[in-house]
Amino acid sequence: MKMDRRTFLEISIGGSLGAGAGITFSPLPWKITDDLSIWTQNWPWTPVPAEGEVSHADSVCNLCPGGCGITVRKVEDRVTKIEGREGYPVNDGGICILGAAGLQLLYGPWRVPSPLRRAGKRGSGQWEQISWEDAIGEVVKKLAELRGNGKAHTVACILGSDRGTVPHLFARFLKAYGSPNFIRSASSGDTYELALGLMQGATASVAYDLEQASFILSFGSGLIEGWGSPVRVIRAHSMWRSGNMKERATVVQIEPRLSNTAAKADNWYSVNPGTEAALALGLAHVIIKESLYDSNFIRNHTFGFDDWGDFTGKTYTGFKRLVLTEYSPDVVSEITGLSRSKIVGLARAFAKAKRPLAVWGRGKGTTSGSLYECMAVHALNALTGNVNKPGGVSTLPPQLTEGWPEVYQDAAACSGCSMPRMDGAGTDRYPFTRCLPDRWPQMVNDKKNGTIQALLVHDADPYYTTLDSAAVAKAFASIPFVVSFSTYMDETAHHADLILPNHHYLERLEDVPTPIGLQKPILGLLKPVVSPQFDTRHTGDVIMTIAKELGGTVADAFSWEDYETLLKETVGDNWDTLEEAGYIEKTDYTPPAWENAFDTPSRKFEFYITALDQAGMKIGKDLDYLPHYEPVRAEGDPATYPLTLIPAELMRLASGAIGSPPFCTKSLEETELKGNDLFVEINPKTAADHGLTEAQPATLETPKGKAKVLVHLFEGIMPGVIAIPKGLGHAAYDDYLAGKGVNANSLMGVVEDPISGLCATWGIRAKLSPVGGHGHLG
């Protein structure tokens, strides 16, 4: 499709707020429309549809966890436009810039056209095309050899998610084959899932009733920068901003940088990075001291708010005493840098709001974060009693693959699955954590829990997205056999031995589970709206073929003829509805009644986490059972690295497994990316103190890496803090994306949370030196 001015404007604005997500909040559409139109005429790969019949087809976008409904316009069998689907429960006609650019990913040169086998050194880009039979045969041969030698447990799978039938197929495959090493990519959902498990006894994901909330207190969440289900959240944001001043919701943003979310909030409170938990507890102090909490909820449905005693007569510290003793506004002001009066005022405003809601997860929620910080924020929702209520927070149980027969494990499978996971999740040290996606590279490099002999990667790009890129590259180099199922030539595929490419999301059938953060269960359906453009296959079919060729009990676990049959059987009686409507929504879903709401040992919401003892964790003091502020120190010596570097996530830039299509990259400001050079934001005062000026070339260095950057003076960032956008610095894909900017993950290290083992990194110490060797800041 050639992009003319009119078409681009339709995509950008689209008649709804969500249609211009990331663009409508800036003057970009007007600035870049003309040059985009000219620019796209030079792309040889953009299809020019002949005159023909125009049709439309509905499907779902899966380029991020948002799960938006889309309507695809076609001329004959050519996709010419992607719009948000009107009436779809998640986005109702809205679409973000990444979703609108999905057709570029369909037709772009970054597609993997057929099965490929590495023909040169890893990462050299030398490949040979092979048949599907040969590609599957090589995987089967390797996996059969490992299993035959008693090394089934050395096989690992990394996926973008553990939800939906295809991830469940991979998990089922590992169970039948004999490996415990199923790993999903990191997200804030990892930590929130754990917090809900400990405080509420729930096996569930968090759900926010954003639309009915009247006061939204965001601890660093990029509400209009791609957090949660992006278009849904942006639509909610539009609702918060509508109406007269008395009726509309209040939005308060907590973060050290003036993001778009902060700029659009009623109040932006800049706090020292990494001190958000202290602020949450300072607010709790005021709420408790002034008796602004929901006494009925606290009295009837919580445990550990007050001091309590066990049958031996020993007394334990409750949340109330901890908060009143340790987190006075004066103390918290000293930690966070926020004034006492603002802390007190914010606490009163939040507690007195009709439906206050505290939300958590930095940026887009692409990192795990601190467990205690998450618990401290969640405790605010409990204090105000806004749990399982309209406008509050609730839990959403996982959608199960009902009807799948049990997996019979032979001796090899039992033996392999009994081995420790290679990332250490589920061990005595981290008994509650299911996956540790940022931990496995170091475990492999340190040769702890053995080695990985074969790695299968689907719907994820761990080579790019995992923190500490140098450690990740070293770990990959030690794995003898890497298989990618990627549709695109991403970083992981680029460093694989075999690529078995999946169909593009517009070419295949697949279920899409409830998007992140939604309060009602919804099952969407990905539909093949165009014929496959290349010699690709559905990964669901490929993994079942591999299982069947391995034979024995592994094959027996996959009795379905193909993936489509499996999906239809899984959905069961609801299939016709799902196929016809494109989604099934449980509009009558309500959270559990109070008597069944909490499945903790006390059967109540627990401020004091009793499950830690029951799991046998060795915890020495009361403090560790309670939400508290435990500083996550940024890696690096302040004397050597005087600044603090934080990542900034932008709506216009994909920062996960999918690389940004050209439209996204082109939409960046010239103060973010100029040519291939990345800008680092720095407060003018900090820059002036050290003689740095706008657009000056500099070297950015952290304990984990070094990069050439340009300086951008930005009043909206705290003195002493610097920021770079997340989502650039790709080495794979193609010339439209590779080599542009710096991968923020390459400059960050992994700081483990002490309870969960998940990555709690929020930033890293850094120094910025003018190019030319004239010293560095600090």
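Everything discussed here concerns the structure shown above.
Here is what the cut-offs are and how they apply
Residues numbered from 1 in each chain as written. Predicted model: local features only at pLDDT ≥ 70, side-chain atom pairs only at ≥ 80, totals over all residues. Heavy atoms only, no water. Phe/Tyr/Trp six-rings, centres within 6.5 Å; stacked < 30°, edge-to-face > 60°. Helix = DSSP H or I, 4+ residues; strand = E, 2+ residues; numbered from the N terminus. Buried < 20%, exposed > 50% of the residue type's maximum accessible area, 1.4 Å probe, protein only. Pairing = 2+ DSSP bridges. Right-handed = clockwise from strand over helix to strand, strands pointing away. Axes fitted to C-alpha atoms, helices over the stretch in contact; angles between N-to-C directions. Parallel < 35°, antiparallel > 145°, perpendicular 65-115°, else oblique. Left-handed = near helix turned anticlockwise from the far one by under 90°. Contact = heavy atoms within 4.5 Å. Nonpolar A, V, L, I, M, F, W, Y, C, P; charged D, E, K, R; others polar. Core = buried A, V, L, I, M, F, W, Y, C linked by side-chain atoms within 4.5 Å.

Participant: Is there a simple way to think about the packing of aromatic side chains in this case?
Facilitator: Each aromatic ring pair is described using two quantities: the centre-to-centre distance and the angle formed by the ring planes. This model, assessed by the stated rule, comprises 25 aromatic pairs. When the centroid spacing of 5.1 Å and the interplanar angle of 80 degrees are considered together, the rings of W308 and Y608 count as edge-to-face. Of this pair, W308 sits in strand 13 (residues 308-309) while Y608 sits in the loop between strand 23 (605-606) and helix 25 (611-614), and the two are 300 residues apart along the sequence. Clustering of aromatic rings is evident, with ring pairs tying together Y293, F297, F305, F319, W594, F598, F605 and F607.

Participant: How do you make sense of the pairing of strand 7 (residues 181-184) when you look at a structure like this?
Facilitator: In the case of a regular strand, side chains alternate between the two sheet surfaces. Alternating positions in strand 7 separate into two faces, N181 and I183 on one and F182 and R184 on the other, with burial throughout. With four bridges joining them, strand 6 (residues 155-159) and strand 7 adopt parallel strand pairing. Note that in strand 7 the partner of L159 across the bridge is R184. The parallel pair strand 6 and strand 7 is bridged by helix 6 (residues 165-177), and the resulting crossover is right-handed.

Participant: I tried to follow the packing of helix 7 (residues 188-200) against helix 15 (residues 371-383) on my own but got confused; where do I start?
Facilitator: In helix packing, the relevant descriptors are the interaxial angle and the interaxial distance, both defined with respect to the helix axes. Axis separation between helix 7 and helix 15 bottoms out at 9 Å; the angle between their running directions is 60 degrees. Taken together, the axis directions place helix 7 and helix 15 in an arrangement best described as oblique. Between helix 7 and helix 15 the crossing geometry is right-handed. Seen from helix 7, the contacting residues are T191, Y192, L194, A195, L196, L198, M199 and Q200; seen from helix 15, they are L371, C374, M375, H378, A379 and N381. Looking at the contact of helix 7 with helix 15 residue by residue, the classes come out as 10 nonpolar, four polar and no charged.

Participant: Just to check I follow, could you spell out the nonpolar core for this structure?
Facilitator: Generally speaking, a soluble globular protein has its nonpolar side chains buried in company with each other. Core analysis: the biggest nonpolar cluster contains 85 residues, and L217, F219, F319, L380 and L383 have the highest contact counts within it. The residues contacting L383, other than those within four sequence positions of it, are A284, I287, I288, Y293, D294, I298, F305, F319 and F607. Counting residues in hydrophobic clusters, the runner-up holds 49 residues, among them L456, V483, L498 and V571.

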